[in-house]
Amino acid sequence: MYDLILLGGGPAGYHAAEYAAHAGMKTLLVEGRALGGVCLNEGCIPTKTLLYSAKLYESASHASEYGVSFSGASIDHGAVLERKNRVVKTLVGGIGMTLKKAGVETVNAYGELLGRGKEGFTVRADGKEYQGAKILLCTGSTAALPPIPGLSEALASGFAMTNREILDCKKVPKHLTVIGGGVIGLEMASYYRSIGSRVTVIEMLDHIAGPTDREIGAILQKNYIKKGVDFRLGAKVTSVGADCVNFETSGKTESLKVDALLVAIGRRPVTQGLGLESVGILTERGAVVTNERMETSVAGVWAAGDVNGKSMLAHTAYREGEVAVNNMLGRRDVMNYRAVPSVIYTNPEVASVGETSETAAEKGLDVLTEKLSLRYSGRYLAENEGGDGVVKLLVDKEHRTVLGVSMIGSYASEFIYGAAMMVEREMRVEQARKVIFPHPTVGEVLREALFTV
Ligand code: NAI
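Residues numbered from 1 in each chain as written. Predicted model: local features only at pLDDT ≥ 70, side-chain atom pairs only at ≥ 80, totals over all residues. Heavy atoms only, no water.

Draft legend 1. Geometry of the sheet that holds strand E14 (residues 252–257). Taken in spatial order, the three strands of this open sheet run E12-E13-E14, and their pairing is antiparallel. The sheet is open, and its two edges are formed by strand E12 (235–240) and E14, each paired on a single side. The mean inter-strand angle of the sheet, taken between neighbouring strand axes irrespective of direction, is 30°. One ladder, built from six bridges, connects strand E13 (residues 244–249) with E14; its direction is antiparallel. (Pairing = 2+ DSSP bridges. Helix = DSSP H or I, 4+ residues; strand = E, 2+ residues; numbered from the N terminus. Axes fitted to C-alpha atoms, helices over the stretch in contact; angles between N-to-C directions.)

Draft legend 2. Inspection of the layout of surface pockets at higher detail. Empty space within the second largest pocket amounts to approximately 300 Å³. As for the second largest pocket, its lining consists of 19 residues, and the residues nearest its centre are Phe415, Gly418, Phe437, Pro438 and Gly443. Listed by contribution, the elements that provide at least two residues to the lining of the second largest pocket are helix H13 (412–424) and helix H15 (444–452). Broken down by element, the lining of the second largest pocket gets its largest block of residues, seven residues, from H13. Class assignment for the residues of the lining of the second largest pocket results in 13 nonpolar, three polar and three charged. (1 Å grid on protein atoms, 1.4 Å probe; cavity = no way out; pocket = protein on both sides within 12 Å on 5 of 7 lines; lining within 4 Å. Points joined across faces, edges and corners; volume = space filled by probe spheres on them. Nonpolar A, V, L, I, M, F, W, Y, C, P; charged D, E, K, R; others polar.)

Draft legend 3. Main features of the environment of Lys170. Structurally, Lys170 is set in the loop between helix H6 (163–166) and strand E9 (175–179). Once the C-alpha coordinates of Lys170 and Gly185 are considered, the two residues, 15 residues apart in sequence, prove to be 18 Å apart. Residues within four places of Lys170 in sequence aside, it is in contact with His77 and Leu81. (Contact = heavy atoms within 4.5 Å.)

Draft legend 4. Main features of the site of the ligand. Around the ligand, a shell composed of 20 residues is seen, among which Ile184, Glu187, Glu203, Gly266 and Val343 lie nearest. Note that an oxygen atom of the ligand is positioned 2.8 Å from one of the backbone N or O atoms of Ile184. The separation between an oxygen atom of the ligand and a polar main-chain atom of Gly266 is 2.9 Å. Coverage of the ligand by the protein amounts to 81% of the 850 Å² it exposes when considered alone. (Near = heavy atom within 4 Å. Polar contact = N/O pair within 3.5 Å; in protein donor to acceptor, adjacent residues only side chain to side chain. Areas by Shrake-Rupley, 256 points an atom, 1.4 Å probe, with all protein chains shown as cover.)

Draft legend 5. Main features of the sheet that holds strand E23 (residues 390–396). Ordered in space as E20-E21-E24-E23-E22, the five strands form an open sheet in which the pairing is antiparallel. Since the sheet does not close on itself, it has two edges, and those belong to strand E20 (342–344) and strand E22 (367–373), each with one partner. The mean inter-strand angle of the sheet, taken between neighbouring strand axes irrespective of direction, is 10°. When E20 meets strand E21 (residues 350–354), the two strands line up antiparallel, connected through three bridges.

So, in structure tokens, the structure goes:
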């Protein structure tokens, strides 16, 4: 009999399992594939490994602007993939060891809820039955695949790929078309463009980067147009052929003959085959319904991570897992989605937290906006020849609390958490000004914005 059984060993599951075990719970983690989930095996980590190689290659190609000369920088995609596999293997192994050390038992098989009895819940995995007083669902998400004619055939033939296959695509496509100008689409477009593919991004909306502040998204698009990425906005894919993609834009139908197609139009929670119906867990639009304590509609069952469809990000998943376990232990804790930072690891990087100009306008918030060029930072100027990075700060006009920060430029991913603290803690500008930022750093421009708003 376990105190807690977790289904799914991605960021929500492995972190919550370790956290629960450290708190004294007898914990079992059931994972059908590799520990680490999408994030470690086919998402965040492999992508960042690829993007770092691309960044090095781009830096080498532009080194002469900094007084450094190379003769013939080149990139070996095969070697990049090999290194990516090594990084992933190390991290997956590390999670296994950490869980073992924490006392978490693991089963490498798909688990299914069979029902609830006096002894708690029954989970079947690998032909065995396990009893758990509490359940945490952490089964994550999978690529959403729209019912576009020809797409399933294209996926079966290997012409079309999702985030999973593209990370192991051995051949560098001469022309890659990406359906979806969101996070995955932009990061993969960034990598393949850097290593020499011709890249076209087809996006249904009239802008890229989804909910990112529009001004910031537009700067990103400008950077990528300069690098040669072709954007087709307001374009809807109508069908996929054996070597082409057809789409409609401004009432006209266009066809592009390409070598490879990446489908990155969002993700959907994994809820099938989990036996949710055996205990009556409520789902809505394919996601497990949770409240702010991560409780599902069934007492004793919690859900954290992409499976609840709230904010499909690894760092949200970590926090949701902690909130769930804290509540299981009787420690009151609630999830605050207002201060979840998000990052697009393109070059330049984009990072945001809290309100954007668009969400503030939608909510009718009265805001003061301060937008500063990162070129105010000595460090940024020293390291970014011709850079056009920007930080944008949104402050509540009446209470002068920090409502949101959006930025584009180097290191944005590394200092956005400073802004997240301001938003999370509802800091007033005058309080935030007292925070000492190290000098010289790019992040100092945020401090500058706090003084000018
Ligand atoms: P997304 O939701 O970020 O972007 C999908 C884009 O596809 C949207 O802009 C949408 O308008 C567009 N779209 C939808 N249907 C379309 C169609 N038929 N034709 C053309 N465009 C269409 O989804 P994405 O990029 O697949 O990422 C999935 C999830 O993975 C996201 O929730 C994201 O948060 C997460 N992720 C996070 C990363 C990060 O934090 N850096 C990196 C990669 C993924």
